[in-house]
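One-letter residues, chain by chain:
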Amino acid sequence: MFCGKEDKLETMELPNDSGDLGSEMEVDAFRRLFPLRFYERHLAESIRPDARPLSRARDTTVALGAVASANGSALAKIGSTTMLAAIKMEVMTPSVELPDEGCIAIEFHMPPICSPLVRPGRPAEVAPVVSKQLSDTILSSGMINLKELSLVSGKAAWMAYLDIYCLDADGALFDAALLSAVAAFSHLQIPVVSLNDDGKIVMLSEEQDDGNLDKGAVNKEKRKIALSSIPFSLTCVLHKNYILADPTAEEESIMETVVTVVLDSSNQLVSLYKPGGPVLARTSVLQDCVALTRQRIKELQNILDEAISGMEVD
Amino acid sequence: MGEMVREDGRTANQLRPLNCSRNILNRAHGSARWRQGDTEVLAAVYGPKAGTKKNENPEKACIEVIWKPQSGQIGKLEKEYEMIMKKTLQSICILTVNPNTTTSIVVQVVHDDGALLPCAVNAACAALVDAGIPMKHLAVAICCCLAESGYLILDPTKLEEQNMKSLAYLVFPNSTTSVCTEEASLVDGEPMEHGIITSVTHGVMLVDNYLHCLERGRAASAKLSDFLRKSLKSQLQSDS
Amino acid sequence: MTTKHSAVPTTYSPSPTSRSKPSVSKDSIVDWVRPDGRGYRQCRPAFFRTGAVNAASGSAYAEFGNTKVIVSVFGPRESKKAMMYSDVGRLNCNVGFTTFATPIRGQGSDHKEFSSLLHKALEGAIILETFPKTTVDVFALVLESGGSDLPVIISCASVALADAGIMMYDLVAAVSMSCLGKNLVIDPITEEESYQDGSLMITCMPSRYEVTQLTVIGEWSTPEINEAMELCLDACSKLAEIMRSSLKEVVSGSQE
């Protein structure tokens, strides 16, 4: 991981080249004092300080079932950005207009452990914005058919509480959060429940299963929900004519123009999000971002499929 | 693609009547009211005031946007609008002229009848000009709606927004008229206004449909920026 | 394309809230059977890993059975503006829970009581003189609550402090004990904690044989307290060995 940095030492052409440690200190100082120039020197050579080519995303992993107290959960890592998503299923009375539909409530949290910029009692400014972006994306993508969350028409339906915690913030927060959310839904198992005499939905514990099943059982077996057209995203940073895929926190703070493209599995555009930024995006640049996202969603789909098949073997 | 009849009898590309008035608040350093049909937004600019907020770069001017909804408390949607507006306005202001200062833009929604965010961007832009905040160029915002069939309409009303499959809010830099020759103002062989400052989309659409939105939005933005320039000019003359 | 702005409906969890299992009271002579099949004096397997959060100066992840905790340490860094000048460094602690940490979905808010207990437990072990005028922030997040949460947070925090290179007299290890009827069980899980008649927690620096915090809640007889303290102190020194080896692993790993 550090080899990239070392390789670049020669190209920095610093006045002091006495000893390895000395020049390493100089590079560090240069990086802090002139961050933009530091990056531009790298970009001119088509490489990034962490040894990635411009269009490559960081190593990505997904682990399903990270939290036992939830009905579905997943841990997603993109580089060091880490997200923990968990779904808890509760029962609600559906609205009069939509008696056959359940509901999904999505919340994105940035606890103080994730970044030196977040302090307790002072929530991060971006957290509600990412929260809103995630619910817009997940709900408008049509990934989940809300009718599948119905229990008893007009009487009871599932409310899926999806909470996503950022455990380590190092750029591309939305991408990692969306990946963990999608993975948590693919791990979700809807519990076995029945309608009791008071008209309430109760969980059936495993011992009770055999006798009570026929009597008012609403959901006879643990089941997964079908996911159609799963959305995946890629965030890019624009700087001059360069497009950097999957930026780190440092890259996001130095080069401020960010574009996030969300595509679903049939390559339809779910969201193209560019909130301002000093670089104006020409149509060809946006098309390049979309093309990079197309490649990336294939990788992400494979990573997710592997995680799911890994669970089935266990 | 069959023609779609719009409730108010407009054609697909037709914008609602525009109205912009500046300098309407006494206490603010700059203010503007922007009306697009029945959607109306009031923007007030205060500043530049000394000092920047925590976690902001003191070497640059800081822009702060405060969104006031028509009624009720602010939620996630308003927070998102504040963030989008802040980043959009940051990109058109010259932030190095007044380092270590904060300029606050208060956006008050008077009435929402669709295309609220674009309307607010236009209002804020006019208010910044009114306050004399140094800017690189103006920005104009537009909303495009897409129907299931791929049919596209501009500047939708609230009802149209709700009935359509997807929509895109787009912010373009306004077309510049400068003393430079036309070639000199080109950015990589394209005029600057071909770039896009902000894009926010809702709902699923084909990539081609989005590109179509860009094209149509860009064409309409030329009209919008003509209107903005004209209304700023006429009021400048009446001021003096 | 319609955006619904209806108020969030009230929901309830389908899992039963009142348990039908007989509770073990002080009078009952029945022996408590541990739900996870451990012996009374047996702790859960402990796992520590440092460097869980790259954005922090130091961090650690701890897993004891189903109890999963992450602690990040930031600093020493500038104290809050309102703070007065101080010769010695400040310690600031915060403990939070995720909304899904407990069986019933919670609010995911900060835990004030744990925050202050964590502060008290660590304060005595840190050499505050080494970072005058500045603050060290210790933030903990309980990912999943499986019982004995506070002792796990404290042990994990001390590993995270060591990872951040904050000077300490010794690692702080914490172990708790529950009293169920006449039985004393070490390192209780949530279910045991919900039936307990009393609980005792010791946080100590094992190599110095010094206690930084001792909390006793509920009904205890003096011999019981003595026995529980002995057991906890013994467990603490074993736990400290595990914590120390997790720190050594990282050092030897990075030198290769």
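Per chain, residue numbering runs from 1 following the sequence as it is written. All chains are assigned letters beginning at A, and all ligands numbers beginning at 1, according to the order in which they are written. Owing to the predicted nature of the model, reporting of local features is limited to residues with pLDDT of at least 70; listing and counting of side-chain atom pairs is limited to 80 or more, with chain, interface and lining totals taken over all residues.

*Asks:* Quick rundown of the overall build of chain B? Include the residues and the values.
*Replies:* The helix and strand labels rest on DSSP assignments: H or I over at least four residues marks a helix, E over at least two residues marks a strand, and numbering proceeds from the N terminus. Of the regular secondary structure elements, chain B holds 4 helices and 11 strands. Three classes are used. A residue is buried when 20 or more other C-beta atoms lie within 10 Å of its own, exposed when 12 or fewer do, and partly exposed in between, with C-beta atoms placed from the backbone. A burial count over chain B gives 45% of its 240 residues as buried. Sequence separation of at least 24 residues holds for 72% of the intrachain contacts in chain B that already meet a minimum separation of 6. C-beta atoms are placed from the backbone for every residue, and two residues are taken to be in contact when these atoms lie within 7 Å.

*Asks:* Provide a residue-level description of the sheet that holds strand S3 (residues 58-64) of chain C, including the pertinent values.
*Replies:* Residue and element names in this part refer to chain C. Overall, mixed pairing links the 5 strands, which are arranged S2-S3-S4-S6-S5 in an open sheet. Each end of this open sheet is capped by a strand with a single partner; those strands are strand S2 (46-50) and strand S5 (90-97). The average undirected angle you get between the axes of adjacent strands in this sheet is 15 degrees. Should DSSP find at least two bridges between two strands, the strands are regarded as paired. Pairing between S3 and strand S4 (residues 67-78): 7 bridges, direction antiparallel. Here the axes come from fitting lines to C-alpha atoms, over the contacting stretch only for helices, and the angles between their N-to-C directions go from 0 to 180 degrees.

*Asks:* Any details on the interface of chain A and chain B? Residues and values, ideally.
*Replies:* Much of the literature gives interface size as the accessible area that the parts lose upon coming together. Across the contact, 26 residues belong to chain A and 31 residues belong to chain B. Taken together, the elements giving at least two residues each to the side of chain A that touches chain B come down to helix H4 (126-140), strand S13 (269-273) and helix H8 (283-313) of chain A. Top element by residues in the side of chain A that touches chain B is H4(A). It accounts for 6 residues. By the convention adopted, Pro, Cys, Tyr, Trp, Phe, Met, Ile, Leu, Val and Ala count as nonpolar, Lys, Arg, Asp and Glu as charged, and the other residues, Gly among them, as polar. Residues of the side of chain A that touches chain B, tallied by class, amount to 12 nonpolar, 9 polar and 5 charged.

*Asks:* Explain the nonpolar core residue by residue, including any values.
*Replies:* Joined through C-beta atoms within 7 Å, a set of buried Ala, Val, Leu, Ile, Met, Phe, Trp, Tyr and Cys residues constitutes a nonpolar core. Counting residues in each nonpolar core, the largest one holds 236 residues, and the members touching the most others are Ala123(B), Ala124(B), Val71(C), Leu118(C), Val138(C) and Ile153(C). Here this core takes 12 residues from helix H2 (residues 116-131) of chain B, the largest share from any one element. Ile153(C) has contacts with Val69(C), Val71(C), Val95(C), Phe114(C), Leu118(C), Ala140(C) and Val142(C), leaving out every residue within four places of it along the chain.

*Asks:* I'd love a proper account of the UniProt feature "domain: Exoribonuclease phosphorolytic" (unreviewed entry) in chain C, names of residues and values included.
*Replies:* UniProt positions are given in the numbering used here, feature names are shortened, and annotations may be inferred rather than shown by experiment. According to UniProt, the "domain: Exoribonuclease phosphorolytic" (unreviewed entry) feature falls on residues 42-166 and 170-231 of chain C. The span residues 42-166 of chain C shows a helical share of 22% and a strand share of 34%, and its end C-alpha atoms are spaced 32 Å apart.

*Asks:* Describe in detail helix H1 (residues 112-123) of chain C, supporting the description with residues and values.
*Replies:* All names here are of chain C. Its 12 residues place the ends of H1 17 Å apart at the C-alpha level, agreeing with the 16 Å of an ideal helix rising 1.5 Å per residue. Where H1 is concerned, the buried positions are Phe114, Leu117, Leu118, Ala121 and Leu122. Projected down its long axis, H1 shows its buried positions confined to an angular sector of 125 degrees, all on one face. Exposed and oriented more than 90 degrees from the buried face of H1 are Lys112, Glu113 and Ser116. In this structure, the buried side of H1 is in contact with S5, strand S6 (134-144), helix H2 (149-163), strand S7 (173-180), strand S9 (198-205) and strand S10 (210-218). Helix span, expected: 1.5 Å multiplied by one less than the number of residues in the helix. What the arc describes is the spread of directions from the helix axis to the C-beta atoms.

*Asks:* Hey, could you go over unusual backbone geometry for me, with residue numbers and the actual values?
*Replies:* Between Gly47(B) and the following residue, Pro48(B), the backbone shows a cis peptide bond with an omega angle of 0 degrees. Along the chain, the position of Pro48(B) falls in strand S3 (residues 39-50). The amide bond that connects Gly75(C) to the next residue, Pro76(C), takes the cis arrangement and shows omega of 5 degrees. Take Pro76(C): it is sitting in strand S4.

*Asks:* Please set out the sheet that holds S9(C) residue by residue, giving values where relevant.
*Replies:* All names here are of chain C. Pairing within the open sheet is antiparallel, and its 4 strands lie in the order S8-S7-S9-S10. Strands at the two margins of the open sheet, each flanked by one partner only, are strand S8 (183-186) and S10. Direction aside, the axes of adjacent strands within the sheet are offset by 15 degrees on average. In terms of strand pairing, S9 meets S10 through 8 bridges, oriented antiparallel. Each bridged residue has a counterpart across the sheet, and for Met201 the counterpart in S10 is Thr215. Packed onto the sheet, H2 meets S7 and S9 and runs at close to 170 degrees relative to S7.

*Asks:* Give a description of the UniProt feature "domain: Exoribonuclease phosphorolytic" (unreviewed entry) in chain B that names residues and reports values.
*Replies:* UniProt records the feature "domain: Exoribonuclease phosphorolytic" (unreviewed entry) at residues 14-134 of chain B, using the numbering of this structure. Helix makes up 27% of residues 14-134 of chain B and strand makes up 35%, while its end C-alpha atoms are separated by 32 Å.

*Asks:* How would you explain the environment of Arg244(C) if you had to name every residue and give the values?
*Replies:* Residues and elements named next belong to chain C. Residue placement: Arg244 occurs in helix H4 (residues 222-255). When the 18 C-beta atoms within 10 Å are taken as the criterion, Arg244 is described as partly exposed. Placed 85 residues apart in sequence, Arg244 and Val159 show a C-alpha to C-alpha distance of 8.0 Å.

*Asks:* For the interface of chain C and chain A, give the residues involved together with the corresponding values.
*Replies:* Taken together, the contacts link 32 residues of chain C with 35 residues of chain A. Contributing elements (two or more residues each) for the side of chain C that touches chain A: strand S1 (11-12), S4, S5 and S6 of chain C. Ranked by the residues each element gives to the side of chain C that touches chain A, the list is headed by S6(C), at 4 residues. For the side of chain C that touches chain A, the per-class residue count stands at 15 nonpolar, 14 polar and 3 charged. By the bridge criterion, 2 bridges tie strand S3 (residues 81-92) of chain A to S1(C) in an arrangement that is antiparallel. Bridge pairing in S1(C) places Val91(A) opposite Tyr12(C).

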